[in-house]
Amino acid sequence: MKTERIIKQRARAALKGNILPMIASMGFCALTFMFIEYMSYVPMVMLGIADSDGEINFSGSILLILAVMGLRVIAMALAAPLFNGFLRSAGNVAMGRGASAKDVFYYFGSARLYFKTVALDVILFTAYALISYGLDVYRYVSGAMDASLDNGLALNVETAILLAALLASVVVKLILYMLFLHYPLFAYALNDHRGVGFYVFKLIGFSCLNFGSVFKLFIGYLGWILLCFLVVPVMYVAPYLATGAALSAKWLFELDRNRGIV
């Protein structure tokens, strides 16, 4: 039996009795980020620099737009430990400790732990965003063609090229996630007692060596992930995927005892 199939079976078994707390953690986290996203557009609509659909008018005050968007980024960063809390919930399930709806607030338990988590998230996600931006195939192709999929889809060569470029960008972003975010985030969820530098730098080699494992895990969950386009299934799929990822990471970390993660 393939390793990925065993992990999925163990994840389903581990979720029994833990699925509702994880859904609660995930729901609170998602609603918080949606609220921040929504509230960032309210002042821009009131000031006339964005329409009711959220489309920004960049011919307006650039400084004002940057100020509002900057505040949104700061708010997202300050709320980011909620996401780590959800991953910790999955980590607790993987470690056999059981999940609690309160896990989402775990990293708010002390000022030291909170700011450590914020610092980790800012470093990891900023690096990811910058590299993703530099390797955004769709951005380069749409800029060269002076065209965009925002204008609607038409059955022509231009649309096919743009769709292919968009797919390439999505694949690149997923690969970058697997290389730079996946293992550091789950290592932190399983054991947050190491310094920020450990999760940022010491796991780069580990992530590269175990890239195949997370890639195969993702492929194994691909059918479930595609179900999320129907929105409602995400309430089960997200905890299921997070628990499977935590179990996989825990197993790999146990094989690599030298890092002392679990």
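Residues numbered from 1 in each chain as written. Predicted model: local features only at pLDDT ≥ 70, side-chain atom pairs only at ≥ 80, totals over all residues. Heavy atoms only, no water.

Asks: Tell me about the layout of surface pockets, and name the residues and values.
Replies: By volume, the largest pocket amounts to about 910 Å³. Lining the largest pocket are 24 residues, with Phe 83, Phe 86, Tyr 177, Ala 238 and Leu 241 sitting closest to its centre. Among the elements of the structure, helix H4 (81–94), helix H5 (111–134), helix H7 (157–180), helix H8 (182–190), helix H11 (211–220) and helix H13 (234–255) are those that each provide at least two residues to the lining of the largest pocket. Here the lining of the largest pocket takes 6 residues from H13, the largest share from any one element. (1 Å grid on protein atoms, 1.4 Å probe; cavity = no way out; pocket = protein on both sides within 12 Å on 5 of 7 lines; lining within 4 Å. Points joined across faces, edges and corners; volume = space filled by probe spheres on them. Helix = DSSP H or I, 4+ residues; strand = E, 2+ residues; numbered from the N terminus.)

Asks: Just give me the short version of helix H2 (residues 19–46), but keep the residues and values in it.
Replies: Between its terminal C-alpha atoms H2 stretches 41 Å, which fits the 40 Å expected from 28 residues at 1.5 Å a residue. Considered for burial, the residues of H2 that qualify are Pro 21, Met 22, Ser 25, Met 26, Cys 29, Thr 32, Ile 36, Ser 40 and Met 44. Of the surrounding elements, those touching the buried residues of H2 are helix H1 (3–15), helix H3 (62–79), H4 and H13. In the stretch just after H2, Gly 48 is the one whose phi turns positive, near 80°. (Expected span 1.5 Å × (residues − 1). Buried < 20%, exposed > 50% of the residue type's maximum accessible area, 1.4 Å probe, protein only. Contact = heavy atoms within 4.5 Å.)

Asks: Describe the pattern of salt bridges, listing the residues and the values that go with them.
Replies: All chains considered together, the criterion is met by 4 salt bridges. Asp 192 serves as the salt-bridge partner of Arg 88, at 3.6 Å between the closest nitrogen and oxygen. Remark: Asp 192 occurs in the loop between H8 and helix H9 (196–202) and Arg 88 occurs in helix H4; sequence separation between them is 104 residues. Assessed through its relative accessible area of 13%, Arg 88 is described here as buried. Overall, the relative accessible area of 5% leaves Asp 192 in the buried class. (Salt bridge = Lys/Arg side-chain N within 4 Å of Asp/Glu carboxyl O.)

Asks: Got a sec to walk through the side chain of Ser 207? Specific residues and values, please.
Replies: Summarising the element assignment, Ser 207 is placed in helix H10 (residues 204–209). Given a relative accessible area of 0%, Ser 207 falls into the buried group. Here the side chain of Ser 207 touches Leu 179 through a polar contact of 3.5 Å, landing on its backbone oxygen. Dropping the residues within four chain positions of it, Ser 207 is found in contact with Met 178, Leu 179, Tyr 183 and Pro 184. (Polar contact = N/O pair within 3.5 Å; in protein donor to acceptor, adjacent residues only side chain to side chain.)

Asks: Tell me what's going on with H1, and back it up with residues and numbers.
Replies: The end-to-end C-alpha distance of H1 is 18 Å, a good match for the 18 Å that 13 residues give at a rise of 1.5 Å each. Buried within H1 we find Glu 4, Ile 7, Lys 8, Ala 11, Ala 14 and Leu 15. Down the axis of H1, the buried side of the element spans an arc of 130°, and every buried residue falls inside it. Those residues of H1 that are buried lie in contact with H2, H4, H11, helix H12 (222–227) and H13. Of the residues one or two after H1, Gly 17 is the one with positive phi, at around 85°. (Arc of directions from axis to C-beta.)

Asks: Residues and numbers for the nonpolar core, please.
Replies: Core analysis: the largest hydrophobic core is formed by 45 residues, its most contacted members being Met 22, Phe 86, Tyr 183, Tyr 199, Leu 203 and Phe 253. Counting residues per element, this core draws most heavily on H13, which supplies 9 residues. (Core = buried A, V, L, I, M, F, W, Y, C linked by side-chain atoms within 4.5 Å.)

Asks: Account for the state of the cysteines, with residues named and values stated.
Replies: Scanning all chains against the criterion turns up 0 disulfides. Free of any disulfide, Cys 228 has its nearest neighbouring cysteine sulfur in Cys 29, separated by 15 Å. (Disulfide = S-S within 2.5 Å.)

Asks: Could you give an account of the side chain of Lys 116, naming the residues involved and the relevant values?
Replies: Along the chain, Lys 116 falls in helix H5. Here Lys 116 sits buried without a salt bridge, and the closest side chain of opposite charge, Asp 192, lies 5.3 Å off (N-O distance). A polar side-chain atom of Lys 116 sits 2.6 Å from the main-chain carbonyl oxygen of Arg 194. Not counting residues within four places of it along the chain, the set of residues in contact with Lys 116 comprises Tyr 188, Asp 192, His 193, Arg 194 and Val 196. (Lys, Arg positive; Asp, Glu negative; His and termini not counted.)

None of the figures reported here should be taken as evidence of function without further support.
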